[in-house]
Structure formats: C-alpha cells, structure tokens
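# A closer look at the structure
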Amino acid sequence: MANICTTTYKVTGSHKAVNDLWNTLQRMEVNSKDVWLGDLAEHYGIDYEKRQISVRGHVYYADMADGGEKEDSLLTIETETALSGCHALFHAINKKLKGGLSISYRETESGCGIYYAHDEGDFFTEECCVSSYGEPFDDACNDVYSTVADAIREWCDKTGIEQGERTLEEMVDFINGYEYENEDTYFYINLFEFE
C-alpha cells in the first residue's frame, strides 16, 4: 500500500454501541493480527463496494480504556489505510449501531499533505506534527506537538537559529523552506486542519 495514512480514532457513546465495536474487534483478534477493514465491513453487513466505501487498509491496534466496564468507555482504534482515513466505514458502522457512537479522529498522510483532526471530545488538541531527518534532528515521522510554538522552539534549540521578530506563521514558512548543508536533512512543521 503506497501513500499510507495513519489515523487514530477515539470512540465514545452509548455503552452498548461502543462495546459492540470493541467486542467485534476482539473476536477478530485485534492486537494479535491486523483486522482488515473489508472483514469489519462484512461483519456489520455493509456493502462497501455498492456504497463506494474504501476498505483498503487495516486496524493494527485497539484498546478500551477501562475494558468496557463503564458507561463512558473510550475505545481507541489505530488504522493504516491507503491515501486517507476510513471515516466513511466507521460512519456506516455507527449507522448500523443506531448512531450510538461519537467518533473523533486525527489522520496524517505526509505524501498527500493530509493533516486533519475531527474532535468531538477534546481528544486531539495538538496543533501540529513534525517530520524530521538528519543532523541535528532526531528522526521523526509525524511527532505531534501541543503548539506550533513548541515545534518552533525545538527547531531553534537544535539549530541555534533564533525566531527573532518573525511571527509563528512566518517562522513555520522559514523552517519548512530552510536549506541545510546536507540535502537529505529536513524538519517540516505540519499544521493540523480541524474539521
């Protein structure tokens, strides 16, 4: 799968609906093996071909914060998909579960420039993520930062270059366009777009 999009879902809602999805993922042996999205769609009786819902990808991790014992359980699901997240599938599953789910997500796909967050519960408050490689930086692939200022401060600390009078926006443009001695070195600050 080229252009891999990673998406973190935070699912809350009715106890019955959240547990249904969690129990389904457990029966499919999530965390022991990848759960293919096509199999998940078929389990819920969703004709993804007819509805033109992409199922190119899998769930590679899931966790229920309290084991599903509380009414306000939080289910975290991590997916890898082709090009973009699989939101249409999770919305179709929600419809099958009578709208009992509240679905928040953060998706990143650097090759397509996708940095989105949809948040229904203050799960994804971070403003940006950083991808970096080469000296003086640590290798990073979409490491999240609480604020843009934090990411800028990281870059300034590593390079010894000060922000000076530049605004945050000007500094992001400066950093993302900076030319290093080694052409393989980079540090990109990618801002999340909130839907």
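In this report, we go over the structure that sits alongside the text. Computed from a prediction, not measured in an experiment: that's the story for all the values here.

What counts and what doesn't
Residues numbered from 1 in each chain as written. Predicted model: local features only at pLDDT ≥ 70, side-chain atom pairs only at ≥ 80, totals over all residues. Heavy atoms only, no water. Pairing = 2+ DSSP bridges. Helix = DSSP H or I, 4+ residues; strand = E, 2+ residues; numbered from the N terminus. Contact = heavy atoms within 4.5 Å. Axes fitted to C-alpha atoms, helices over the stretch in contact; angles between N-to-C directions. Buried < 20%, exposed > 50% of the residue type's maximum accessible area, 1.4 Å probe, protein only. Expected span 1.5 Å × (residues − 1). Arc of directions from axis to C-beta.

### Here we look at the sheet that holds strand 3 (residues 57–64)
If you walk across this open sheet you meet the seven strands as 2-3-4-1-5-6-10, and the pairing is mixed. Edge positions in the sheet fall to strand 2 (35–36) and strand 10 (193–194), since each has one partner strand and no second. Direction of pairing for strand 1 (residues 4–13) relative to strand 4 (residues 75–82): antiparallel, over a ladder of eight bridges. Looking at the pairing, Tyr 9 lines up with Ile 77 of strand 4. Here helix 1 (residues 15–27) sits on the sheet in contact with strand 1, strand 2, strand 3, strand 4 and strand 5 (101–109), set at roughly 120° to strand 3. The sheet contacts of helix 3 (residues 87–96) involve strand 1, strand 4 and strand 5, and relative to strand 5 the element is tilted by about 170°.

### Description of the pairing of strand 1
In terms of burial, strand 1 is a largely internal element, seven of the 10 residues being buried. One ladder, built from eight bridges, connects strand 1 with strand 5; its direction is antiparallel. When the sheet's bridge partners are listed, Val 11 is paired in strand 5 with Ile 103.

### Some thoughts on helix 4 (residues 148–159)
The terminal C-alpha atoms of helix 4 lie 17 Å apart, and with 12 residues this matches the ideal 16 Å at 1.5 Å per residue to within 8%. Taken together, the buried positions of helix 4 are Val 148, Ala 151, Ile 152, Trp 155 and Cys 156. What you see down the axis of helix 4 is that its buried residues fit within an arc of 135°, all on one side. Lining the buried residues of helix 4 we find strand 7 (128–133), strand 8 (140–145), helix 5 (168–176) and strand 9 (186–191).

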